[in-house]
Amino acid sequence: MSDQTPKLQLLSPVTVGGQTLRNRVVLAPLTRARCTSTTDPFDPVNATPNDLLVEHYAQRASGGLLVTEATAVSEMGWGWRNAPKICTPEQVAGWKRVTEAVHEKGGVIYIQLWHGGRQTHSSFHPSTGKIFAPSAIALPNAAVKTIDGESVKAEVPTEMTLQDIQDTIQEFVTAARLSKEAGFDGVELHSGNGYLIDTFFQSSTNKRTDEYGGSIENRCRFLKDVVEAIIADGSYPSERIAFHISPQGNYGDMGSNDNFDQFVGIAKIMNPLGLAYLNMQDGLGFGFHEKDKIVTCADIRKVWDGPIIGNIGLTRDVAEGMIRSGAVDMCSWGRLYMSNPDLVERFTNNWPLAPEAPYQDWWRADGGAEGYNTYPTYTPE
């Protein structure tokens with residue numbers, strides 16, 4: 001560490017799930033659709049981790065914790081061409097190459113398990129021709145992509161039956177089991193950004209009158225059931241299961257006028273389970289619905305005893321302040337970590353940061369390494 005850099009708690013070890021993380025810098029999950037493109041959209045190769053993903057995560061392995069891009073748990077959960085799944089032996093093998101590359105560098109990596117819910121399109125789901133949500137409420141005035149890449153009006157989702165809910169819980173259980181086989185240290189359940197679990201949480205998208213709708217407890221039930229089912233299956237203990245929330249976000253047309261009480265309530269309900277961490281989009285950089293007051297990590301800390309990861313638009317020094325305040329235990333970066341694969345070393349040595357890569361650089365329809373694995377590390381003069 002240079003003489004000019006103060007000793008940062010951000011760079012100190014922290015224990016998560018019984019593992020010692022060497023620092024508190026976290027790679028945030030980032031969908032970049034870099035699986036190998038295929039002519040046949042249903043060829044599982046286009047949802048299988050490849051050499052690009054192995055290199056990408058290995059480049060960033062000096063972080064205390066890496067969280068993968070959103071990874072579909074099933075056909076019904078998939079809705080993004082060239083985004084990965086964890087369903088087949090080949091996909092497990094692809095992910096195993098990623099985990100081995102990270103572990104060889106001393107890193108720790110969790111997989112983010114994802115069900116796209118109403119933001120998918122039925123063309124991705126030939127077995128059913130449906131999309132699922134807790135209630136039959138479509139994305140208003142929004143377009144989604146078909147499996148052939150065409151932009152079309154969002155469909156009205158099928159309201160899930162109780163059997164659909166149980167089947168989907170089992171899809172998460174199977175995905176967690178396969179994640180363990182692939183060598184992941186833990187799993188993070190994507191419960192934000194308007195995907196399936198988030199639509200169970202929020203009153204604007206959940207109008208159910210059964211045990212999965214209505215009260216704060218009922219709207220949290222799907223997440224709680226998924227977690228408890230994974231624990232019961234035995235692939236991961238509670239301390240290796242985490243979840244990710246976005247209480248202020250408007251992505252996926254989300255936002256409800258009772259979000260403050262709902263998301264603080266979710267944290268309070270899930271707290272006794274002793275989970276690995278709660279990953280929260282605390283900032284407004286991913287949009288703000290303006291329908292209720294902001295939920296901060298400090299608010300969550302009042303009811304959550306485990307580790308908290310803060311995210312969205314942080315600088316090194318703001319992150320350090322949040323950790324020192326006790327509001328969070330770790331902080332994550334997405335686009336900044338993408339353009340600075342040696343982010344930990346730059347923070348440690350007070351080296352200048354490369355700017356966040358612009359959208360047109362990292363989002364490429366043709367995939368490939370450019371804008372994904374081509375960001376240089378810093379070389380001191």
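Thresholds applied
- Residues numbered from 1 in each chain as written.
- Predicted model: local features only at pLDDT ≥ 70, side-chain atom pairs only at ≥ 80, totals over all residues.
- Heavy atoms only, no water.
- Helix = DSSP H or I, 4+ residues; strand = E, 2+ residues; numbered from the N terminus.
- Rg over C-alpha atoms; globule rule 2.2 N^0.38 Å.
- Contact = heavy atoms within 4.5 Å.
- Lys, Arg positive; Asp, Glu negative; His and termini not counted.
- Charge placed at Lys NZ, Arg CZ, Asp CG, Glu CD.
- Disulfide = S-S within 2.5 Å.
- Buried < 20%, exposed > 50% of the residue type's maximum accessible area, 1.4 Å probe, protein only.
- Phe/Tyr/Trp six-rings, centres within 6.5 Å; stacked < 30°, edge-to-face > 60°.
- Lys NZ or Arg CZ within 6 Å of the ring centre and 35° of its normal.

Another aspect to go through is the overall build of the protein chain. Assigned secondary structure in the protein chain consists of 11 helices and 14 strands. In summary, the protein chain has a C-alpha radius of gyration of 20 Å against a globular reference of 21 Å for 381 residues, a match within 12%. When its C-alpha atoms are laid out on the principal axes, the protein chain stretches across 60 × 50 × 40 Å. Considering only contacts in the protein chain between residues 6 or more positions apart, those separated by 24 or more positions represent 73%. Computed over 33 positive and 46 negative side-chain charges, the inter-centroid distance for the protein chain is 3 Å.

A few words now on the state of the cysteines. Enumeration over the complete set of coordinates arrives at 0 disulfides. Cys220 carries a free sulfur, and the closest cysteine sulfur to it, the one in Cys297, is 17 Å from it. Note on Cys220: relative accessible area 0%, which makes it buried. Here Cys297 stays unpaired: no disulfide links it, and the sulfur of Cys331, its closest cysteine neighbor, is 7.6 Å away. Exposure remark for Cys297: the relative accessible area of 1% places this residue in the buried category.

To continue, consider the packing of aromatic side chains. Counted by the stated rule, this structure contains 13 aromatic pairs. Relative to Tyr195, the ring of Trp114 has its centre 5.6 Å away and its plane inclined at 85°; by these criteria the two rings are edge-to-face. Taken together, the residues span a long stretch of sequence, with Trp114 in strand β5 (residues 109-114) and Tyr195 in the loop between β10 (186-190) and α4 (196-201) at a distance of 81 residues. Summarising the aromatic geometry, the rings of Trp333 and Phe347 are spaced 5.1 Å apart at their centres and angled 65° between planes, so their arrangement reads as edge-to-face. In this pair, Trp333 sits in strand β14 (residues 330-333) while Phe347 sits in helix α10 (residues 343-349), placing the two residues 14 residues apart along the sequence. Taken together, the ring pairs in this structure connect Phe172, Phe200, Tyr212 and Phe222 into an aromatic cluster. The positively charged end of Arg32 is found above the aromatic ring belonging to Trp362, 3.6 Å away from the centroid. We note Lys85 situated over the ring of Trp78; from NZ or CZ to the ring centre the distance is 4.1 Å.

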